[in-house]
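What the coordinates show
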Amino acid sequence: MLQYYGSLLSVIISFVVVKLCHWIYQWWNPKCKGKLPPGSMGFPIIGETFEFMTPSDFSLVVSPYLEKRISRYGSKVFRTSLFGAKVIISTDPDVNMEMAKASSQLGATDSLRRIFGENNVFLQSKEIHKYVRNLTSRFVGPESLKTRLIQDIDFLSQNHVEEGALSGSFDIREAAIKMVGELIAKKVMGEMESEAVKELGLCWSAFRTSWFQFSYNIPGTTVYRFVKARRKAARLLKAVIEKKKASKEGLGDFLDIIFDEMEKDGAALDVDRAVNLIFTFFILSQETTPGVLAAIVKLVADNPNVMEELQREHETIVQNRVDKEAGLTWEEYKSMTFTHMVIKESLRFTSTQPTVHRIPAQDVLIGGYTLPAGWLFFGIPQVHFDEEKYGDPLTFNPWRWKGKDIHSTVSRDYMPFGAGGTLCVGSEFAKLIIATFLHHLSRFRWSLDPKTRVLRRYMLMFPAGCKVHISKDTSSHQ
Ligand code: HEM
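So, here is what we can say about the structure in this document. From a predicted model like this one, the values you see are computed outputs, not experimental measurements.

1. As for the overall build of the protein
- Across its full length, the protein holds 16 helices and twelve strands.
- Here the protein has a C-alpha radius of gyration of 24 Å; the compact-globule value for 478 residues is 23 Å, and the two agree.
- Considering only C-alpha atoms, the protein reaches an extent of 95 × 60 × 45 Å along its principal axes.
- The buried share among the 478 residues of the protein stands at 53%.

2. Examining the coordination of the iron atom of the ligand
- Protein coordination of the iron atom of the ligand rests on one atom only, Cys 424 (SG), at 2.3 Å.
- Residue position: Cys 424 is located in the loop between strand E8 (376-379) and helix H16 (427-441).

3. A look at the site of the ligand
- By nearness alone, 24 residues border the ligand, and His 129, Arg 133, His 357, Thr 422 and Cys 424 come closest of all.
- A distance of 2.5 Å is found between an oxygen atom of the ligand and a side-chain nitrogen or oxygen belonging to Arg 133.
- Thr 355 has a polar backbone atom sitting 3.5 Å from an oxygen atom of the ligand.
- Residue contributions to the shell around the ligand peak at six residues, all from helix H12 (residues 271-301).
- By residue class, the composition of the shell around the ligand is twelve nonpolar, ten polar and two charged.

4. Overview of the packing of H12 against helix H15 (residues 337-350)
- For the pair H12 and H15, interaxial distance at closest approach is 10 Å and the crossing angle is 105°. Taken together, the axes of H12 and H15 lie roughly perpendicular to each other. Facing H12, whose interface residues are Val 292, Ala 295, Ile 296, Leu 299 and Val 300, H15 presents Val 342, Ile 343, Ser 346, Leu 347, Phe 349 and Thr 350.
- Partitioned by chemical class, the residues of the contact of H12 with H15 number nine nonpolar, two polar and no charged.

5. A look at the sheet that holds E8
- With mixed pairing, the four strands of this open sheet are ordered in space as E2-E3-E8-E5. Of all the strands in the sheet, the pair left with one neighbour each is strand E2 (77-82) and strand E5 (356-358). Between one strand axis and the next, the sheet turns by 20° as a mean value, whatever way the strands run.
- Sheet analysis places E5 next to E8, joined by three bridges and oriented antiparallel. From the neighbouring strand, Val 356 faces E8, where its bridge partner is Gly 379.
- Packing against the sheet, helix H3 (residues 64-73) makes contact with E2 and strand E3 (85-90), and its axis sits at approximately 130° to E2.

6. Quick word on the packing of aromatic side chains
- Within the structure shown, the criterion is met by 16 aromatic pairs.
- Taking the centre distance of 5.6 Å and the plane angle of 45° together, the rings of Phe 254 and Phe 281 count as tilted. Taken together, the residues Phe 254 in helix H11 (residues 253-262) and Phe 281 in helix H12 connect sequence positions 27 residues apart.
- Judged by relative accessible area, which is 0%, Phe 254 ranks as buried.
- Judged by centre distance (5.0 Å) and plane angle (45°), the ring pair of Phe 338 and Trp 399 falls under tilted.

7. Here's the deal with the sheet that holds strand E4 (residues 169-171)
- Strand order in the open sheet formed by three strands is E4-E12-E9, with antiparallel pairing between adjacent strands. The sheet terminates laterally at E4 and strand E9 (446-448), the two strands that pair on one side only. Within the sheet, the average angular offset between the axes of one strand and its neighbour, ignoring direction, is 25°.
- One ladder, built from three bridges, connects E9 with strand E12 (residues 467-470); its direction is antiparallel. Following the sheet pairing, Trp 446 is matched in E12 by Ile 470.
- Each of E9 and E12 touches H12; the most contacted strand, E9, lies at about 105° to it.

8. Some points on helix H6 (residues 126-140)
- Over its 15 residues, H6 runs 21 Å from end to end, which matches the ideal 21 Å to within 8%, given 1.5 Å per residue.
- All buried positions along H6 are accounted for by Ile 128, His 129, Val 132, Arg 133, Leu 135, Thr 136, Phe 139 and Val 140. The arc enclosing the buried residues of H6, seen along the axis, measures out at 170°, which places them on a common side. Away from its buried face by more than 90 degrees, H6 exposes Lys 126, Glu 127 and Lys 130.
- Buried residues belonging to H6 abut helix H7 (142-167), helix H8 (172-189), H11, H12 and H16.

9. Observations regarding a nonpolar patch on the surface
- A surface patch of nonpolar side chains, amounting to about 830 Å² of accessible area, comprises Leu 20, Trp 23, Phe 43, Ile 45, Ile 46, Phe 50, Tyr 216 and Ile 218.
- If you trace the backbone, Phe 43 turns up in the loop between helix H1 (2-28) and helix H2 (49-52).
- A relative accessible area of 60% places Phe 43 in the exposed class.

Rules used throughout
- Counting restarts for each chain: residues are numbered from 1 in the order of the written sequence.
- Local features in a predicted model are, by the rule used here, given only for residues with pLDDT of at least 70; side-chain atom pairs are given and counted only at 80 or more, and totals for whole chains, interfaces and linings are based on all residues.
- Calculation of side-chain values draws on the structure's entire complement of heavy atoms; hydrogens and water are dropped beforehand.
- Secondary structure elements are taken from DSSP: a helix is a run of H or I of four residues or more, a strand is a run of E of two residues or more, and numbering for both begins at the N terminus.
- To get the radius of gyration, use the C-alpha atoms; to get the globule rule, take the number of residues to the power 0.38 and multiply by 2.2 Å.
- Accessibility here uses a 1.4 Å probe with only protein chains present; expressed as a share of the type maximum, an area under 20% marks a residue as buried, one over 50% as exposed, and anything in between as partly exposed.
- Only nitrogen, oxygen and sulfur atoms within 2.8 Å of the metal, or 3.2 Å for Na, K and Ca, are treated as donors, and water is left out, so sites may look incomplete.
- Any residue with a heavy atom positioned within 4 Å of a molecule or strand is treated as near that molecule or strand.
- Under this definition, polar contacts are N or O atom pairs within 3.5 Å; protein pairs additionally need one hydrogen-donor-capable and one acceptor-capable atom, and for neighbouring residues in sequence, both atoms have to be side-chain atoms.
- Residues were grouped as follows: Ala, Val, Leu, Ile, Met, Phe, Trp, Tyr, Cys and Pro as nonpolar; Asp, Glu, Lys and Arg as charged; and all remaining residues, including Gly, as polar.
- Simply put, an axis is a line fit to the C-alpha atoms, just over the touching stretch for a helix, and the angle between two N-to-C directions goes from 0 to 180 degrees.
- An angle counts as roughly parallel when it lies under 35 degrees, as roughly antiparallel when it exceeds 145, as roughly perpendicular when it falls between 65 and 115, and as oblique in every other case.
- Should any heavy atoms of two residues lie within 4.5 Å, those residues are considered in contact.
- The pairing criterion for strands is at least two bridges between them, as found by DSSP.
- Pairs were defined over the aromatic rings of Phe, Tyr and Trp, the Trp ring being its six-membered one, requiring ring centres within 6.5 Å. Orientation was assigned from the angle between planes: stacked under 30 degrees, edge-to-face over 60, tilted for the rest.
- Given a helix with a known number of residues, its expected span is that number minus one, times 1.5 Å.
- In this description, one arc is meant: the one made by directions from the helix axis to the C-beta atoms.
- Patch membership requires more than 30% relative accessible area and the absence of a salt bridge. Residues of like charge join within 9 Å; the nonpolar side chains Val, Leu, Ile, Met, Phe, Trp and Tyr join within 5 Å.
- Each accessible area is a Shrake-Rupley result for a 1.4 Å probe, and residues are judged covered by the shown protein chains and nothing else.
- Put simply, a salt bridge is a Lys or Arg side-chain nitrogen that is within 4 Å of an Asp or Glu carboxyl oxygen.

Printed below as a string of structure tokens:
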């Protein structure tokens, strides 16, 4: 009997070993109908995630991960595995642009899908995607920025910078996160009870860590905390929306547009989609722009000639203002030529992580390779550091944009906001927030805490914060 169980056990073990070897073989040699880009899938499941996610210093514009692979494979396009998914990484600008145009299906890792929800409005069918893009543009496009948002952005950023000046120092990223949160709460939702605002604030804080994780949703993991916070935020938003839908009182501008849409015949928008859209809007605004602003402040602080020129520009704007008590106008914003050059250069310098994310529904033939359906595609704008396109690319030099188109957000050689059908809808909104913050900061004498470091790890990281020491005195600049 014992012998029988012994043989059965060895048969089972052999079967499991054979299956495991087969699975590992398939992991290392993924099937593809055409020619896959060169590369390695790394350890089963883990892939090359840890190397990819190792933070690299801000001054190192090419991550050691990328540098090693590009030189090993002699190709700007390679395959790998990250966060449990099969991934094609491309640093070739032509491939990135072609891919951005070929597919408008936003490619999200599983952890991102869990943050934003499986049924996220930006990850759904082409029609719904187009619809929510248009709807969001109505809120953050140039017309709305000019007529509805600039005054509030100006008022709130001035308050936050002045508050910081009164206390002598403040963390610029934290202040911007708070400011953006307050702005969206007011303009999107309208009046809200202070308890709901507080509770929502707690939910948003759960997302202030790397979004790129293994997607296991088990207690104790970051993804588990994301899912819990998303569900709670969605519940809170839904309660406020339903109450306002019934009363139609105290609506924010965006909620007003949303309710109008819901009432149309055959409306594509219901309460759940509206909640999802607003949630996405809150999270994206708070987690992108404040980080980029903080990185810009670091770049400006490290380059005193840039700081001087910025202060000159904003001093002139304030001096030329007839009514000294009046807020920032759209014309003044548009006249900030040097500030726009600083923002454009900073976006070139800070975006070395993927900006084109796709999951093709069919195999795509690009650059002599097949990008298989269902694989994630990450297009990285390494062209931002191409010596031929940008002479001396490792130098932060806003003047390189002098006389060029400082307002355009996309070209083959410049892709901080992505490209194609998923080009960032919030780019103009983000630029207005950054310029307005810089406008108010430039009225003061300030310096950056020398401990401030910026690391790249998919998103920008500030391990020692981004504290600005600021003097109360604005007189020298008025
Ligand atoms: C400086 C700040 C920002 C940067 C660098 C940035 C970057 C990007 C990039 C690279 C993409 C394209 C992703 C892809 O195609 O794979 C994108 C898409 C998107 N961004 Fe931004 N973004 C910023 C600010 C914002 C803000 C403030 C909002 C809020 C409205 C926003 C909303 C979106 C949305 C909704 C999409 C998806 C568009 C679609 O699927 O059609 N972004 N962003």
